Amino acid sequence: MTIDMSQFFQVFFDETEELLAEMEKLLLAVDVSAPDNEDLNAIFRAAHSIKGGASTFGLNDLTDVTHVLENLLDRIRKGEMALTGEHVDAFLVAKDILKMQLDGHRLHTPVDQEAVADARMMLQSLSQDAVSIAPPPPPEVIHYSQEDAEAKFANVKRCFRIELPQVGERDAKALAAELGLLGRLSIAVLADKRQVFTLATDETADDIIAICSFILDPDDLKVTEEALSASAATKPSAQTEEDLGYGFFEPIEDLRAFIAQDAPSAPEATKQTASPVEAAPEVTAAEKKNLGRRESDRAPASSQESSSIRVGIEKVDQLINLVGELVITQAMIEQRTDSLDPMQHERLLNSVSQLTRNTRDLQEAVMSIRMMPMDYVFSRFPRMVRDLASKLGKKVEFVTHGAATELDKGLIERIVDPLTHLVRNSIDHGIETPSVRTAAGKGETGRLSLSAGHQGGNIVIEVSDDGGGLNRERILAKAKQNGLPINDNMTDADVWQLIFAPGFSTAETVTDVSGRGVGMDVVKRNITAMGGVVDIRSGKGFGTTISISLPLTLAILDGMSIKVGEEVYILPLGYVIESLQPDPIDVKEISGQGRVVKVRGEYLPLIPLYQMFDIVPTFTNPSEGIVVILESDGRKAALFVDDLVGQQQVVVKNLESNYRKVAGISGATILGDGGVSLIIDVAALLRSSRQLSDESIFSS
Amino acid sequence: MSQSMGYNTASGDKSGAEVAGQEYLAFTLGKEEYGLDILKVQEIRGYETVTRVANAPEFVKGVVNLRGIIVPIVDMRIKFKLGEPTYDQFTVVIILNISGRIVGMVVDSVSDVITLTPDQVKPAPDMGALNSNYLIGLGTLDERMLILIDIDRLMSSSDMGLIEKIAA
């Protein structure tokens, strides 16, 4: 067989990476004192799948490590030994080793062979210890028939019955030749001309399936383990009988898992609970039964396995671009048909409105492809928190909220590094050691929470700890030392912003975790580059919350078009609270500070857009035009414009790709008539207006 | 002004011209005739309504939609104070592709494409409005004289303020 394997390698690498991540997630979630059997099985399955894949591709180093890992896991999930924290640590180490080896194969990064050997030794010694500590509990044995027990524990060769679907003679021969390499093979032919192999071998059922799957669809295949004494199949009727009996004990991993799960209860109960499950599919043909069981076994564990496809990101982006163009075209058609007489062109207008709906649905569906849950980021932290906390001798409880919040894939990938840094900081500098915490009257265990949620048109991600909080005096002293411009009357918010200055660290000791003073400036820079804002809230002794507000700047936003003079601008709808025409008496002049407008008892600064953008407006009196109340960063302002034009979804085009950044403008879009309209950067506009009115808290 | 990048490009162009003549697009601004490397030209269009960009220099007319791409339009007549900026159906916009960035340039008219051999290109004397840094030289063809512009360097210069990192 000459199959070009290289094309499958990438799939194997991707899958293995996912399996490893899954394994780590499960390991971290597992409760050492009372492990959930389902979790243990899932961990085992992950290890087993990696092993299977690795051996198929001849990656023996991966196979070796997974093999010892699998052995140990197998004993634990079968209840032969109790799970301890030591085990979990060892498994995590093994996972790292596997990841390293995987990267070694994929990216040709160096692999630390010593670490590999160490990990293997550790796993092996752990699994040997257990034999002496915990002998297999007796109920285990009762489960298996005499022969099975022999096959399992006495290390006798096992015997498999492999029932083939109807295949060509050539395939059958090829298969026979392959299987012949594994052990002693005998062939029998059934009444319906299907072939049945009987193979005595040391390999497992999965290995056999793996080999067969080169020639056959494994789902069509039926592999059952027989007691060694049992001979080859005799008659189809007898075979069903056999299947009934042995099917229950066959060591296909999922089934074994099933038994193990119920093992602690009485064996009789196991049989009773199990038999209805088995019995139902058995009514139908033998193949169907087997198939049904496979599916039901797989379903709870890895239902997402078959429900996703891998597509290159550039294909998705191309799709998004095309849909963006479609949206523009659709808006154009809609605009052109607006002037038609609704009576005369009723059918055309109906079709157009249907097109509008379909386009919008299509657009939403396409946009959602790029969206990923924050869980993708959050899931990598529990491990880090655990490792760091134990390294620093701290106790940290890690909680996440809003892991389902979706964010654009591009942003998700860029937020990982800043978040990692913030989490490290919180554990290293924020959360105190248990003794300090106790002295301060707090619980020994610190709490670190990561949360994500939508707020207006933004996604807000917060890293929050209940540690010591930022130390104002220390930051000020350090800032003075670094020659930063400070004074003692600075507000807390201003002081907190100082930690974003390059080279700033107040940590008393430099650890290998953090404290070198590189980082916070990078965090701030990265987030600003994404169009986000970092905000710090801190109370001495109560902890620190660092909140990152990111725009959901996807390619499309809901916008409100407004008119000033001859110009049409787009306001992102997320910022708009309301729009109104103010009463002349509600507009007040504050000498030297511009005007304010009274809206529902609140005085809001009035921002005349024509002044900001230097346009000749139609109106200069707010009571003749319209004011749009905007909110950003918790601050409100009234934007004075001439007129509201409408509300529409717009495709955000980058102004900077061919031009430079324009203050107060976040991008551009193409209107229905093909003209260009600029999108107002509301946050920046409000910030600059705040600076004008001298109540700026931003030191940009 | 030491823009080594721009210099390299210019010298590269010259070495290419030594092998064979180089093609220039000839256009007029006011009464003068100019030439620029034809390979930088993406297309030539009529002038259409632009969307004004707030707080931009006067010569940046605004942005237009060029088949889904937002393209800034600069008026060289305003930039170099040459001729009266009038906008009618005969106003021409040269769409340039300057190392991946698309810019539209308004000129009075576009005449033809000419081929100049290196010996037809004379070094330029220092001239007032147009900083000689942006000149390749003066091209002579029969009775015509073309001011050859190093358009790469001109468009990416801080004078134009089209590109952020230099402008900031």
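Residues numbered from 1 in each chain as written. Chains lettered and ligands numbered in written order. Predicted model: local features only at pLDDT ≥ 70, side-chain atom pairs only at ≥ 80, totals over all residues.

Enquirer: Would you take a moment to explain the overall build of chain A for this structure?
Expert: Looking only at helices and strands, chain A has 24 helices and 22 strands in total. Residue burial in chain A is summarised as follows: out of 700 residues, 31% are buried. Taking the intrachain contacts of chain A between residues at least 6 apart in sequence as the baseline, contacts between residues at least 24 apart amount to 67%. (Helix = DSSP H or I, 4+ residues; strand = E, 2+ residues; numbered from the N terminus. Buried ≥ 20, exposed ≤ 12 C-beta atoms within 10 Å, placed from the backbone. Contact = placed C-beta atoms within 7 Å.)

Enquirer: Quick question: what am I supposed to make of the overall build of chain B here?
Expert: Along the backbone of chain B there are four helices and eleven strands. For chain B, the proportion of its 168 residues judged to be buried stands at 37%. A sequence separation of at least 24 residues applies to 57% of the contacts in chain B between residues at least 6 apart.

Enquirer: How do you make sense of the sheet that holds strand 10 (residues 533-539) of chain A when you look at a structure like this?
Expert: Strands belonging to one sheet form pairs held by backbone hydrogen bonds; the direction of such a pair is parallel or antiparallel. Residue and element names in this part refer to chain A. With mixed pairing, five strands are arranged side by side in an open sheet as 6-8-9-11-10. In the strand order of this sheet, the two ends are held by strand 6 (396-401) and strand 10, each with one partner. With strand direction ignored, the average angle separating the axes of adjacent strands in the sheet is 15°. Across six bridges, the pairing between strand 6 and strand 8 (residues 446-455) is parallel. In the strand pairing of strand 8, Val 399 is matched with Ser 449. Across the sheet, helix 17 (residues 381-392) touches strand 6 and strand 8, and the angle it forms with strand 6 is around 165°. In the packing of helix 18 (residues 409-430) onto the sheet, contacts are made with strand 6, strand 8, strand 9 (458-465) and strand 11 (543-551), and the angle to strand 9 comes to roughly 20°. (Pairing = 2+ DSSP bridges. Axes fitted to C-alpha atoms, helices over the stretch in contact; angles between N-to-C directions.)

Enquirer: Before we go on, may I ask you to explain the sheet that holds strand 2 (residues 32-37) of chain B in this structure?
Expert: All names here are of chain B. In spatial order, the strands read 8-1-2-11-10-9; together these six strands make up an open sheet with mixed pairing. Since the sheet does not close on itself, it has two edges, and those belong to strand 8 (109-116) and strand 9 (121-122), each with one partner. Alignment of strand 1 (residues 22-29) against strand 8, held across six bridges, turns out to be antiparallel. Within the sheet, the bridge partner assigned to Phe 27 lies in strand 8 and is Val 110.

Enquirer: Any chance you could explain the interface of chain A and chain B here in plain terms?
Expert: How big an interface is tends to be expressed through the accessible area that disappears when the partners come together. Counting residues at the interface gives 22 residues for chain A and 22 residues for chain B. Looking at the side of chain A that touches chain B, the elements with two or more residues in it are strand 21 (665-670) and strand 22 (676-680) of chain A. Partitioning the side of chain A that touches chain B into residue classes produces ten nonpolar, five polar and seven charged. (Nonpolar A, V, L, I, M, F, W, Y, C, P; charged D, E, K, R; others polar.)

Enquirer: Please clarify how helix 14 (residues 313-337) of chain A should be interpreted in this entry.
Expert: Residues separated by three or four positions in an α-helix point in the same direction, a consequence of the helix having 3.6 residues per turn. A rise of 1.5 Å per residue sets the reference length of helix 14 of chain A, with its 25 residues, at 36 Å; its end C-alpha atoms lie 36 Å apart and thus fit the reference within 8%. Buried within helix 14 of chain A are the following residues: Val 323, Gly 324, Val 327, Ile 328, Gln 330 and Ala 331 of chain A. (Expected span 1.5 Å × (residues − 1).)

Enquirer: Can you help me understand unusual backbone geometry in this one?
Expert: Excluding glycine, residues mostly carry a negative phi; peptide bonds, for their part, are mostly trans. Located in the positive-phi region is Asp 614 of chain A, a residue other than glycine, with phi close to 55°. As for its placement among the helices and strands, Asp 614 of chain A is situated in the loop between helix 23 (609-613) and strand 18 (626-632). The phi dihedral of Ser 99 of chain B falls on the positive side, at around 40°, and the residue is not glycine. Tracing the chain through its elements places Ser 99 of chain B in the loop between strand 6 (92-98) and strand 7 (101-107). Residue Ser 99 of chain B is classed as exposed on the basis of its C-beta count, with 10 C-beta atoms lying within 10 Å.

Enquirer: Explain the packing of helix 3 (residues 60-77) of chain A against helix 4 (residues 85-107) of chain A here, please?
Expert: Describing two packed helices takes the angle between their axes plus the distance from one axis to the other. All names here are of chain A. In contact at an axis separation of 10 Å, helix 3 and helix 4 are set at 160° when each is read in the N-to-C sense. Relative to helix 4, helix 3 is oriented roughly antiparallel. Of the two possible hands of crossing, helix 3 and helix 4 adopt the one that is left-handed. On helix 4, the residues touching Asp 61, Leu 62, Val 65, Thr 66, Leu 69 and Ile 76 of helix 3 are His 87, Phe 91, Ala 94, Ile 97, Leu 98, Gln 101 and Leu 102. For the contact of helix 3 with helix 4, a count of residues per class yields nine nonpolar, three polar and one charged. (Parallel < 35°, antiparallel > 145°, perpendicular 65-115°, else oblique. Left-handed = near helix turned anticlockwise from the far one by under 90°.)

Enquirer: Just to check I follow, could you spell out the nonpolar core for this structure?
Expert: Proteins that are soluble and globular tend to have nonpolar side chains buried together. Judged by nonpolar contacts, the single largest core of 84 residues is most densely connected at Leu 571 and Leu 639 of chain A together with Val 63 of chain B. A domain-level breakdown of this core finds at least three residues from each of domain 3 (313-372) and domain 5 (556-692) of chain A. Residues contacting Leu 639 of chain A, with those up to four places away along its chain left out, are Ile 607, Leu 609, Val 627, Val 628 and Leu 630 of chain A. If you look at the next biggest cluster of nonpolar residues, it comprises 35 residues, including Val 377, Phe 378, Leu 448 and Leu 498 of chain A. (Core = buried A, V, L, I, M, F, W, Y, C linked by C-beta atoms within 7 Å. Domains from an automatic or database assignment.)

Enquirer: Would you take a moment to explain the pairing of strand 17 (residues 602-608) of chain A for this structure?
Expert: Looking along a regular strand, one sees the side chains alternate between the two faces of the sheet. Residues and elements named next belong to chain A. By the criterion of burial, strand 17 is predominantly enclosed, with five of the seven residues buried. Note: strand 16 (residues 594-599) against strand 17, four bridges, orientation antiparallel. Within the sheet, the bridge partner assigned to Val 597 lies in strand 17 and is Leu 604. The hairpin turn running from strand 16 into strand 17, its antiparallel successor, is two residues long, and Arg 600 in that turn takes a positive phi close to 50°. As defined by bridge partners, strand 17 adjoins strand 19 (residues 635-641) across three bridges and the pair is classed as parallel. By the bridge assignment for strand 19, Leu 606 is matched with Ala 638.

Enquirer: Can you help me understand the confidence of the model for chain A in this one?
Expert: The predicted coordinates should not be examined in detail at positions where pLDDT is low. Residue and element names in this part refer to chain A. Looking at chain A as a whole, its pLDDT mean stands at 73, while 69% of the residues score no less than 70. The low-confidence segment residues 229-304, where pLDDT is below 50, has 68 contacts with residues more than four positions distant or belonging to other chains. Across residues 509-517, where pLDDT falls below 50, the model places 21 contacts with residues more than four positions away in sequence or in other chains. (pLDDT = per-residue confidence, 0-100.)

Enquirer: What is the right way to look at the confidence of the model for chain B in this model?
Expert: All names here are of chain B. The predicted model of chain B averages 77 in pLDDT, with 79% of residues at 70 or higher. The low-confidence segment residues 1-18, where pLDDT is below 50, has 17 contacts with residues more than four positions distant or belonging to other chains. Scoring the predicted complex yields pTM 0.44 and, for the interface, ipTM 0.73.

Enquirer: Hey, could you run me through the environment of Ser 451 of chain A in this one?
Expert: Residue and element names in this part refer to chain A. Mapped onto the secondary structure, Ser 451 falls in strand 8. C-beta crowding within 10 Å serves as the criterion here: with 19 such atoms nearby, Ser 451 is assigned to the partly exposed category. Between the C-alpha atoms of Ser 451 and Ser 547, which are 96 residues apart in sequence, the distance is 9.3 Å. In this structure, Ser 451 is in contact with Thr 400, His 401, Gly 402 and Glu 462, ignoring residues within four places of it in sequence.

Enquirer: Explanation requested: the packing of helix 2 (residues 37-56) of chain A against helix 3 of chain A in the structure shown.
Expert: Residues and elements named next belong to chain A. Put simply, helix 2 and helix 3 touch, their axes get as near as 9 Å, and they point 155° apart. Taken together, helix 2 and helix 3 sit at an angle that is classed as roughly antiparallel. The two elements helix 2 and helix 3 meet at a crossing, and its hand is left-handed. Between helix 2, through Asn 37, Leu 40, Asn 41, Ile 43, Phe 44, Ala 47, His 48, Ile 50, Lys 51, Ala 54 and Ser 55, and helix 3, the contact on the second element is made entirely by Leu 62, Thr 63, Thr 66, His 67, Leu 69, Glu 70, Leu 73, Asp 74, Ile 76 and Arg 77. Of the residues assigned to the contact of helix 2 with helix 3, the class counts are ten nonpolar, seven polar and four charged.

Enquirer: How should the environment of Pro 622 of chain A be read in this particular structure?
Expert: Residues and elements named next belong to chain A. As for its placement among the helices and strands, Pro 622 is situated in the loop between helix 23 and strand 18. When the 21 C-beta atoms within 10 Å are taken as the criterion, Pro 622 is described as buried. Along the backbone, Pro 622 and Pro 582 are 40 residues apart, and their C-alpha atoms lie at a distance of 6.7 Å. Once you skip the residues sitting within four places of it in the chain, Pro 622 turns out to touch Pro 582, Val 587, Val 597, Leu 606, Val 627 and Phe 640.

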